Amino acid sequence: MAVVTWTIAPEPVDSPAAAALWRAYYTEISDRWYLLHEGRRTDPAELEREIAARTGAELTPPTGQLLLARHDGSPAGTAGVRLLDAERAELTRVFLREETRGRGGAALLVTAAEDAARALGARQMILDTRGDLVEARALYTRLGYTETAPHNDDPYAEHWFGKSLV
């Protein structure tokens, strides 16, 4: 039996692998929202505008980091961290390609993101997610995150979580 390996390492947000995963992530979460609320997929022109507008510049050193997970050497997912202030970092863009889900990669990505946040000086990780992203909410709860009061006014945020990193 072959051993399947995960590796997680920092990645420039504009690398081809990161860009492809950002497109896959944004397409999936956008399509899920539109299918749930409007019974349709994302308009292609809107998708292109939003992908271009959200460059991920906040996920670059010295105040942020994008992590890329590889499953048996192939780009499989991402997690981003950005400092919000001297104490708090935000977890964002947690994503795994569908064909790699259920193999432990999400927990590895979040743990690596927590380590990256600590290296940036954060003492707490916060995040937001939507109600329909039940898999994400289950993951965060399993990893010790607890629901908190809202920490932003993002129109798509419906659940807010936090975790101490100390």
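(A) Examining the packing of aromatic side chains more closely. Enumeration according to the criterion identifies seven aromatic pairs in this entry. Taking the centre distance of 5.5 Å and the plane angle of 25° together, the rings of Trp22 and Tyr25 count as stacked. Placement of the pair is Trp22 and Tyr25 together in helix 1 (residues 16–38), with a separation of three residues, close to one helical turn. Relative accessible area serves as the criterion here: at 11%, Trp22 is assigned to the buried category. Taking the centre distance of 5.4 Å and the plane angle of 90° together, the rings of Trp33 and Tyr156 count as edge-to-face. Of the two residues, Trp33 is situated in helix 1 and Tyr156 in the loop between strand 6 (146–148) and strand 7 (159–164); the sequence distance between them amounts to 123 residues. An aromatic cluster is present here, built from Trp22, Tyr25, Tyr26 and Phe95 joined pairwise through their rings.

(B) Examining helix 2 (residues 44–53) more closely. Of all the positions in helix 2, only Glu46, Leu47 and Ile51 are classed as buried. Mapping the buried residues of helix 2 onto a view down its axis gives an arc of 130°, with all of them on the same face. The outward face of helix 2, more than 90 degrees from its buried face, is lined by the exposed residues Arg49, Ala52 and Ala53. On its buried face, helix 2 is in contact with helix 1.

(C) Representation of the nonpolar core within the structure. Counting 27 residues, the largest nonpolar core has Leu91, Val110, Met125, Tyr140 and Tyr145 as the members making the most contacts within it. For this core, the secondary structure elements donating two or more residues are strand 2 (64–71), strand 3 (74–83), strand 4 (88–96), helix 3 (105–119), strand 5 (124–129) and helix 4 (134–142). When residues of this core are assigned to their parent elements, the largest contribution, six residues, is made by helix 3. Sequence-distant contacts of Met125, defined by excluding residues within four places in its chain, comprise Val81, Ala89, Glu90, Leu91, Ala113, Glu114, Ala117, Tyr145, Phe161, Gly162, Lys163 and Leu165. The next biggest cluster of nonpolar side chains, apart from the first, holds ten residues, and it includes Ala17, Leu21, Trp22 and Ile29.

(D) Molecular detail of the sheet that holds strand 2. Strand order in the open sheet formed by seven strands is 1-2-3-4-5-7-6, with mixed pairing between adjacent strands. Looking at the sheet topology across the chains shown, the edges are occupied by strand 1 (6–10) and strand 6. Put simply, the sheet's adjacent strands are angled 30° from each other on average, direction ignored. Sitting on the sheet, helix 1 touches strand 2, strand 3 and strand 4, and the angle it makes with strand 4 is about 85°. Packed onto the sheet, helix 4 meets strand 4, strand 5 and strand 7 and runs at close to 20° relative to strand 7.

(E) Layout of the confidence of the model for the protein chain. Overall, the prediction assigns the protein chain a mean pLDDT of 94, with 98% of residues at 70 or greater. Within the protein chain, the lowest mean pLDDT, 90, falls on helix 2, and the highest, 98, falls on strand 7.

(F) Representation of the packing of helix 3 against helix 4 within the structure. Their axes nearest at 11 Å, the elements helix 3 and helix 4 cross at an angle of 60°. Taken together, the axes of helix 3 and helix 4 are oblique relative to one another. The hand of the helix 3/helix 4 crossing is right-handed. Contact with helix 3, carried on its side by Ala106, Ala107 and Val110, involves Leu139, Tyr140 and Arg142 of helix 4 and no other residues of that element. Split by residue class, the contact of helix 3 with helix 4 holds five nonpolar, no polar and one charged.

About the thresholds
Residues numbered from 1 in each chain as written. Predicted model: local features only at pLDDT ≥ 70, side-chain atom pairs only at ≥ 80, totals over all residues. Heavy atoms only, no water. Phe/Tyr/Trp six-rings, centres within 6.5 Å; stacked < 30°, edge-to-face > 60°. Helix = DSSP H or I, 4+ residues; strand = E, 2+ residues; numbered from the N terminus. Buried < 20%, exposed > 50% of the residue type's maximum accessible area, 1.4 Å probe, protein only. Arc of directions from axis to C-beta. Contact = heavy atoms within 4.5 Å. Core = buried A, V, L, I, M, F, W, Y, C linked by side-chain atoms within 4.5 Å. Pairing = 2+ DSSP bridges. Axes fitted to C-alpha atoms, helices over the stretch in contact; angles between N-to-C directions. pLDDT = per-residue confidence, 0-100. Parallel < 35°, antiparallel > 145°, perpendicular 65-115°, else oblique. Left-handed = near helix turned anticlockwise from the far one by under 90°. Nonpolar A, V, L, I, M, F, W, Y, C, P; charged D, E, K, R; others polar.

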